[in-house]
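Chain and residue survey
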Amino acid sequence: DKIVIKPSWEEYTAEEDEIVIKIDPGMAFGTGTHETTSLCIKMLEKYIKGHEKLLDIGCGSGILMITGAKLGAEIVDGIDIDPAVEAVAKVNLEENEISKFSVVIGNLVDDINEKYDVVVSNILADTLMELLNDIEKVLVPGALVIFSGILKTRKYEILEKTEKYNFKKIDEKEENEWVSYVFEYK
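Report on the accompanying structure. Everything quoted here is computed from the prediction, not taken from an experiment. As a convention, each chain's residues are numbered from 1 in the sequence order in which they are written. Two thresholds apply to this predicted model, a pLDDT of at least 70 for residue-level local features and 80 or more for giving and counting side-chain atom pairs, whereas whole-chain, interface and lining totals are computed over all residues. Excluded from the side-chain calculation are hydrogens and water; included are all heavy atoms of the structure.

**Thoughts on the environment of Leu39**
Here a helix means four or more residues in a row that DSSP labels H or I, a strand means two or more in a row labelled E, and each is numbered from the N terminus. Looking at where Leu39 falls in the secondary structure, it is placed in helix H1 (residues 35–47). In sequence terms Leu39 and Phe167 are 128 residues apart; their C-alpha atoms lie 20 Å from each other. When sequence neighbours within four positions are dropped, the list of residues in contact with Leu39 reads Ser148, Lys173, Glu174, Glu175, Trp178, Val179 and Ser180. Contacts are assigned to residue pairs with any non-hydrogen atoms lying within 4.5 Å of each other.

**Quick notes on unusual backbone geometry**
You will see that Glu97, though not glycine, has its phi angle at about 60°, which is positive. Of note, Glu97 is situated in the loop between helix H3 (84–95) and strand E5 (101–105). Of note, Asn176 is a non-glycine position whose phi angle comes to about 50°, a positive value. Following the sequence through the fold, Asn176 ends up in the loop between strand E8 (167–175) and strand E9 (178–185).

**Looking at the pattern of salt bridges**
Between side chains of opposite charge, pairing is possible as soon as their charged atoms come close. Note on definitions: salt bridges are taken to be side-chain nitrogens of Lys or Arg within 4 Å of carboxyl oxygens of Asp or Glu. Using the criterion set out here, one finds 10 salt bridges in the structure. One salt bridge in this structure joins Lys152 and Glu174, with 3.2 Å as the shortest N-O distance. With Lys152 in the loop between strand E7 (139–151) and helix H5 (155–162) and Glu174 in strand E8, the pair connects residues that are 22 residues apart, well separated along the chain. The structure contains a network of salt bridges with shared partners spanning Lys152, Lys155, Lys169, Glu172 and Glu174.

**Describing the nonpolar core**
A general trend in soluble globular proteins is that nonpolar side chains are found buried together. Joining through side-chain atoms within 4.5 Å is the link that ties buried Ala, Val, Leu, Ile, Met, Phe, Trp, Tyr and Cys residues into a set, and such a set is a nonpolar core. Exposure categories follow from relative accessible area, calculated using a 1.4 Å probe and restricted to protein chains: below 20% of the type maximum is buried, above 50% is exposed, and the middle band is partly exposed. Counting residues in hydrophobic clusters, the biggest one holds 30 residues, and the most contacted among them are Leu44, Leu54, Leu64, Val76, Leu93, Val103 and Ile146. Tallying contributions element by element places helix H2 (residues 63–71) first for this core, with six residues. Setting aside its immediate chain neighbours within four residues, Val103 contacts Cys59, Met65, Gly78, Val85, Glu86, Ala89 and Leu93. Counting 28 residues, the second-largest nonpolar core is a separate cluster that includes Ile112, Val119, Ala125 and Leu139.

**Brief notes about H1**
Given a rise of 1.5 Å per residue, 13 residues ought to cover 18 Å, and the 18 Å separating the end C-alpha atoms of H1 matches this to within 8%. Extensive coverage of H1 is indicated by the burial of 11 of its 13 residues. For H1, the full list of buried residues reads Glu35, Thr36, Thr37, Ser38, Leu39, Cys40, Ile41, Met43, Leu44, Glu45 and Tyr47. Expected span of a helix: the number of residues minus one, times 1.5 Å.

The analysis is restricted to geometry; functional conclusions fall outside its scope.
Shown next as structure tokens:
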């Protein structure tokens, strides 16, 4: 409701309660226009209360890290398998005046040794289901996990898989053929 995403070449004067994120289309996924990114931003806006430690798995352009930080997350980290992401995300985070962040190049949570209050992942359903095997190692008790990138036709597969782990579904949003979930780690 209060997040505005603008490219650097556009002029925009923010309303009093708006948060402006500057991001340009580039080599990494995530400009805020795709339904899956939009769903994640809506969930972050709803659930970030301030001072959280956030991890974005499949961070792409860094847009979800930027959103989390601008909403009050104290530390934002990201991981992505694509080596080009490191430079792109760093530029975008710095352009948005975010200083407490790190970007790791690696697979899912293999190279993450911290624990987080909020984990967001906007990747395809098969990869999300694979991620469930190891995600608990990066979660504090009570952590929130936001999953997006799920086609409606695959949503029940995700729900069925999360039932095998310590996750409780607390929210769900749909946009066109996509769905996003928020789970609480018990």
